[in-house]
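Below, each chain spelled out in residue letters.
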Amino acid sequence: MNTLKKCLLLVSILATAGCAELAEVNQQVGEWAGKMIEIRDGQQNTTTNTRIEQVTFNNYSDSYKSQSNIDNLFVRLKRELNLKTREAVPNVYYKLELAESEPKIFPKYYTTSVILEKEGKKTIVRWEIYATEEYAQRLEKRLVKAIK
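Residues numbered from 1 in each chain as written. Predicted model: local features only at pLDDT ≥ 70, side-chain atom pairs only at ≥ 80, totals over all residues. Heavy atoms only, no water.

1. Section: the nonpolar core
Which entries qualify depends on this criterion: Throughout this description, the term nonpolar core refers to a set of buried Ala, Val, Leu, Ile, Met, Phe, Trp, Tyr and Cys residues connected via side-chain atoms within 4.5 Å. When accessible area is computed with a 1.4 Å probe and restricted to protein chains, residues below 20% of their type maximum are described as buried, those above 50% as exposed, and intermediate ones as partly exposed. Only runs of H or I of at least four residues qualify as helices and only runs of E of at least two qualify as strands under DSSP, and these elements are numbered from the N terminus. Here, residues are in contact when the closest pair of their heavy atoms is within 4.5 Å.
In terms of nonpolar packing, the biggest core is built from 23 residues, with L77, V114, L116 and V125 touching the most fellow members. Mapped by element, the contributors of at least two residues to this core are α2 (70-81), β3 (93-101), β4 (109-119), β5 (122-131) and α3 (133-147). If one sorts the elements of this core by residue count, α3 sits on top with six residues. Sequence-distant contacts of L77, that is, excluding residues within four places in its chain, are made with N82, L83, L96, V114, L116, V125, L143, A146 and I147.

This is the structure we're talking about:
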C-alpha cells in the first residue's frame, strides 16, 4: 500500500508539472494565433514590404464596322480568340462568348461576349468585356486586329 501511495504522489507531481508546461505552451500558441488573426484582419500596422492591390473588374464595351464577310469574320474571331459559339444564324448573326480565369491571381472570371450582325455588305461587331482594365485593353487590341 505504501508503494501505491508513493506512485500516486509521483504521478500527481509529474501531472502538475506537465500541466504547468502545457499551460505555458498553450499561452504561447494563443499569443501567436492572436497575432496571426490581427495580421489577417489588417488590424496591425506592419513595416513589411508586402503590397496588396485592389483588383477592380468593370464592363468595357465597344463596336466596330468591318468590310469583311460576316462568316469569314466569325471563323477568324473564333480561331484567333478561342471564342465559343453561343448562337448562330449563318450569314446573319453570331454570338460568341468566352469565360476564363487566372485562379492563382484572380478568383473571378473574365467574360467576353462578341456579337456579329450583318448590315448590308458590312458587318457590325459589338463586344462586351467584364475584366480588369489591363486585360480588357489587351483583349480589345486582339479583337480589333482580328477584325481588320
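The discussion continues.
2. Some points on the pattern of salt bridges
Side chains carrying opposite charge are able to pair once their charged atoms draw close together. Test applied: We define a salt bridge as a side-chain nitrogen of Lys or Arg found within 4 Å of a carboxyl oxygen belonging to Asp or Glu.
Under the counting rule described, the total for this entry stands at six salt bridges. Of the charged contacts in the structure, one is a salt bridge between E134 and R138, with a shortest N-O distance of 3.2 Å. Of the two residues, E134 and R138 are both situated in helix α3; the distance of four residues between them amounts to about one turn of the helix. Exposure remark for R138: the relative accessible area of 43% places this residue in the partly exposed category.

3. As for the environment of K148
Inspection of the secondary structure assignment puts K148 in the segment after α3. In the structure, K148 is positioned 82 residues away from S66 in sequence and 7.0 Å away in space, judged by C-alpha atoms. Look past the residues within four positions of K148 in its chain and what remains in contact with it is Y64 and R76.

4. Topic: unusual backbone geometry
Positive phi outside glycine occurs at N82, with the angle close to 60°. Counting through the fold element by element, N82 comes out in the loop between α2 and β2 (84-89). We classify N82 as partly exposed; its relative accessible area is 48%. The backbone of N91 shows a phi angle near 70°, a positive value even though the residue is not glycine.

5. Re the confidence of the model for the protein
We apply this condition: The score called pLDDT rates the predictor's confidence residue by residue, from a low of 0 to a high of 100.
Across the protein, the average pLDDT comes to 77, with 61% of residues at 70 or higher. The secondary structure element of the protein with the lowest average pLDDT is helix α1 (residues 2-41), at 66, and the one with the highest is β5, at 92. In the model, residues 44-48 has pLDDT below 50 throughout and makes three contacts with residues more than four positions away in sequence or in other chains.

6. Looking at α3
Selection rule: To estimate how far a helix should reach, multiply one less than its number of residues by 1.5 Å. Think of the arc as the fan of directions from the helix axis to the C-beta atoms.
With 15 residues, α3 extends 21 Å from end C-alpha to end C-alpha; this agrees with the ideal 21 Å at 1.5 Å per step. Those residues of α3 that sit buried are Y135, A136, L139, L143, A146 and I147. The buried residues of α3 all sit within an arc of 95° when viewed along its axis, so they share a single face. More than 90 degrees from the buried face of α3, the exposed residues found are E134, K141 and K145.

7. Re the packing of α2 against α3
What counts is decided by this rule: Lines are fitted to the C-alpha atoms to define the axes, a helix being fitted only along its stretch in contact, and any angle between axes, read from their N-to-C directions, falls within 0 to 180 degrees. Left-handed is the label given to a crossing in which the near helix is rotated counterclockwise from the far helix by less than a right angle, and right-handed is the label when the rotation is clockwise. Residues are grouped as follows: nonpolar covers Ala, Val, Leu, Ile, Met, Phe, Trp, Tyr, Cys and Pro; charged covers Asp, Glu, Lys and Arg; every other residue, Gly included, is treated as polar.
Axis separation between α2 and α3 bottoms out at 9 Å; the angle between their running directions is 145°. Here α2 and α3 pass one another in a crossing that is right-handed. Of the residues in α3, those in contact with L73, R76, L77, E80 and L81 of α2 are L139, R142, L143, A146 and I147. Each residue belonging to the contact of α2 with α3 can be placed in one class, and the counts come to seven nonpolar, no polar and three charged.

8. Let's talk about the side chain of S66
Tracing the backbone through its elements, the reader meets S66 in strand β1 (residues 58-66). Using a relative accessible area of 3% as the deciding quantity, one classes S66 as buried. Other than its neighbours up to four places away in sequence, S66 contacts L73, K122, T123 and I147.

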